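Observations on the model geometry
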Amino acid sequence: MKVLVVGSGGREHALALKLLQSPSVTEVIVSPGNAGTQSLLAPTPGKTLRSSTEAPLALAQRERVDLVVVGPEVPLCEGLVDELTAAGVLAYGPSKLAAELEGSKAFMKGFAARHGIPTARHVVVTQASELDALVKTFDVPPVVKADGLCSGKGVVVAETHEEALRAAREMLSGARFGAAGATVVLEERLFGNEASIHAICDGERYVLLHAAQDHKRIFDRDEGPNTGGMGTYAPAPVVTPKVMREFEELVLVPTLRGMAAEGRPFKGTLFAGIMVTPDEHVRLIEFNVRFGDPETQVLLATLEGDLAQTLAAAARGALDPTSLSASGEHAVCVVLAAQGYPDAPRKGDVIDGLGDAAKVPGVVVIHAGTALDQFGNVVTAGGRVLGITGRGKTLKEAHTRAYQAVHKLGFSGMQYRRDIGGRAGLTLLSE
Ligand code: AMP
Ligand code: GLY
């Protein structure tokens, strides 16, 4: 098989490396990719990994690829999978209609309400004149969400009713998120422990992966501004077998049935952000319609089975739910971010220590915002630069290995959290 992965982040590099492990895969092309996906750095003997900047459809046709895996939400919400499918190319990911679960928070909340999926109470607002009265209907200040895609920045967890009102007004005015904020969702604030659960779906059947936890704030102890994710670990003990069963019964199965019934069968990765309440029940916070980044890095590190065959079968609507299983290991991914991230990441800083970091046992160095400069140096080229993923028999071992590798890496202004994995309740603070 020749596989095309669409995207340029850590998620796509991790997918490419896992796909290359499939016995049936000979070549992976990543469009546009990063320094890690360039042939220069290809890891697997006898197999090819390379980047291409050609547009996905033209590339897939010219290269006669057997499968396209679309990474990010934007091309999914724009209908890339529909376009590929119409051209006869096998593509893994949801259709434009199914991608609305992430592309429109108002659609997602309405869908959950129609199908009795447990989630926070919400109201949809389009008129600034209605805001005052609607905000007051929430006892605790509501969470304010722009309806459309905002690269993870469209949610304000307000501490006061005034802050909620201000955030919602700003969204509706178009000043902050343009058209994505023309509709706003006000939502009851949930309390508890957050977790990420991914399922690979074929419209009907699914493979459920480990639960993971992200660390969204830039600084240790969850301080500072929100980011795309500074690190993850899996499995997350907060998702007990009981919580996982409740998720399957009350969220996943009704979602797949409901989407099929509404004429939008869901094929692809359904990634649910959930709140595990203090009394151990599941409330859905949000859906994403793709693999998480950096959740993918830890999920794939602890997965056994042939990913390429599984994704191809899901795309064809013929998934074998037993085709992938958890390895029983633990993984920790520590993100190294650029100077100035998340506001204004600096580009062009030379990265040192890549070779030494990759030699740490059980560690994979995943590239995200990296590029090769004219001298062949790997340099920073985005906010999140690298994801250092350690595997181990225990969380502690995975954590130790990941940070051993982190300490071999360096670039000017490098930022990372020292407490990834700490949400599992262990005291894990790298020095
Ligand atoms: P999102 O961009 O949708 O992932 O939301 C960003 C973050 O906002 C989530 O990871 C949660 O931490 C928080 N959040 C969203 N909705 C709620 C809610 N209803 N209650 C509490 N926190 C929320
Ligand atoms: N790490 C969160 C996300 O991919 O949306």
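Overview of the structure. (Residues numbered from 1 in each chain as written. Chains lettered and ligands numbered in written order. Predicted model: local features only at pLDDT ≥ 70, side-chain atom pairs only at ≥ 80, totals over all residues. Heavy atoms only, no water.)

**With respect to the site of ligand 1**
Filter applied, for reference: Residue proximity to a molecule or strand is established when one non-hydrogen atom of the residue lies within 4 Å of it. Distance and chemistry together define a polar contact, namely a pair of N or O atoms within 3.5 Å, with one atom able to donate a hydrogen and the other to accept it when in protein, and with adjacent residues in sequence counting only for side-chain atoms on both sides. Here, Shrake-Rupley sampling with a 1.4 Å probe gives the accessible areas, and only protein chains in the shown set may cover a residue. Basically, the charged four are Asp, Glu, Lys and Arg, the nonpolar ten are Ala, Val, Leu, Ile, Met, Phe, Trp, Tyr, Cys and Pro, and anything else, Gly included, counts as polar.
Around ligand 1 lies a shell of 14 residues, among which Lys145, Glu187, Leu190, Glu194 and Glu286 are the nearest. Note that a nitrogen atom of ligand 1 is positioned 3.0 Å from one of the backbone N or O atoms of Glu188. Measuring from an oxygen atom of ligand 1, one finds a side-chain N or O atom of Glu286 at 2.6 Å. Bound to the protein, ligand 1 loses 90% of the 480 Å² it would expose on its own. The residue inventory of the shell around ligand 1, partitioned by class, reads six nonpolar, no polar and eight charged.

**Examining helix 13 (residues 395-406)**
Note the following rule: To qualify as a helix, a DSSP run of H or I must reach at least 4 residues; to qualify as a strand, a run of E must reach at least 2; elements of each kind are numbered from the N terminus. Here the expected span of a helix is defined as 1.5 Å times the quantity of residues minus one. Throughout this description, buried means an accessible area under 20% of the type-specific maximum (1.4 Å probe, protein chains only), exposed means over 50%, and partly exposed covers the range between. It is the directions from the helix axis to the C-beta atoms that the arc portrays. We call two residues contacting when some pair of their heavy atoms lies within 4.5 Å.
Compared with the 16 Å implied by 1.5 Å per residue over 12 residues, the 16 Å span of helix 13 between its first and last C-alpha is a close match. Listing the buried residues of helix 13 in full gives Leu395, Ala398, His399, Ala402, Tyr403, Ala405 and Val406. Down the axis of helix 13, the buried side of the element spans an arc of 155°, and every buried residue falls inside it. Lining the buried residues of helix 13 we find strand 14 (231-234), strand 19 (330-337), helix 12 (354-358), strand 20 (363-367) and strand 23 (384-392).

**Some thoughts on the pairing of strand 6 (residues 122-125)**
Basically, it comes down to this: Two strands qualify as a pair provided DSSP detects at least 2 bridges between them.
Side chains of strand 6 alternate between two faces, with Val123 and Val125 buried and His122 and Val124 left unburied. Bridging between strand 6 and strand 9 (residues 184-187) involves four bridges; their strand directions are antiparallel. By the bridge assignment, Val123 is partnered in strand 9 with Leu186.

**Points about the pattern of salt bridges**
Short version of the rule: Each salt bridge in this description consists of a side-chain nitrogen of Lys or Arg and a carboxyl oxygen of Asp or Glu lying within 4 Å of one another.
Enumeration according to the criterion identifies 24 salt bridges in this entry. Its salt-bridge partner being Glu54, residue Arg62 comes within 2.5 Å of it at the nearest N-O pair. On the basis of relative accessible area, Arg62 is assigned to the exposed category, the value being 51%. Counted as one network, the salt bridges with shared partners bring together Lys2, Glu27, Arg50, Glu54, Arg62 and Glu63.

**What about the nonpolar core?**
Side chains of nonpolar character tend, in soluble globular proteins, to be buried together. Just so we agree on the cut-off: Residues belong to a common nonpolar core when they are buried Ala, Val, Leu, Ile, Met, Phe, Trp, Tyr or Cys residues joined through side-chain atoms within 4.5 Å.
Among the nonpolar cores identified, the biggest contains 75 residues, and Val68, Leu101 and Ile274 are the most heavily contacted of them. For this core, the element with the most residues is helix 9 (residues 241-261), which contributes seven residues. Ignoring sequence-local partners within four residues, the contact set of Val68 consists of Leu4, Val6, Ala60, Leu84, Val89, Leu90, Ala91 and Tyr92. Membership of the second largest hydrophobic core comes to 37 residues, among which are Leu19, Leu49, Ala212 and Ala331.

**Focus on helix 6 (residues 105-114)**
Taken across its 10 residues, helix 6 has eight buried, putting it largely inside the fold. For helix 6, the set of buried residues is Lys105, Ala106, Phe107, Met108, Lys109, Gly110, Phe111 and Ala112. In the segment just after helix 6, Gly116 is the residue with positive phi, at about 65°.

Honestly, that's just the spatial picture; any functional story needs more than this.
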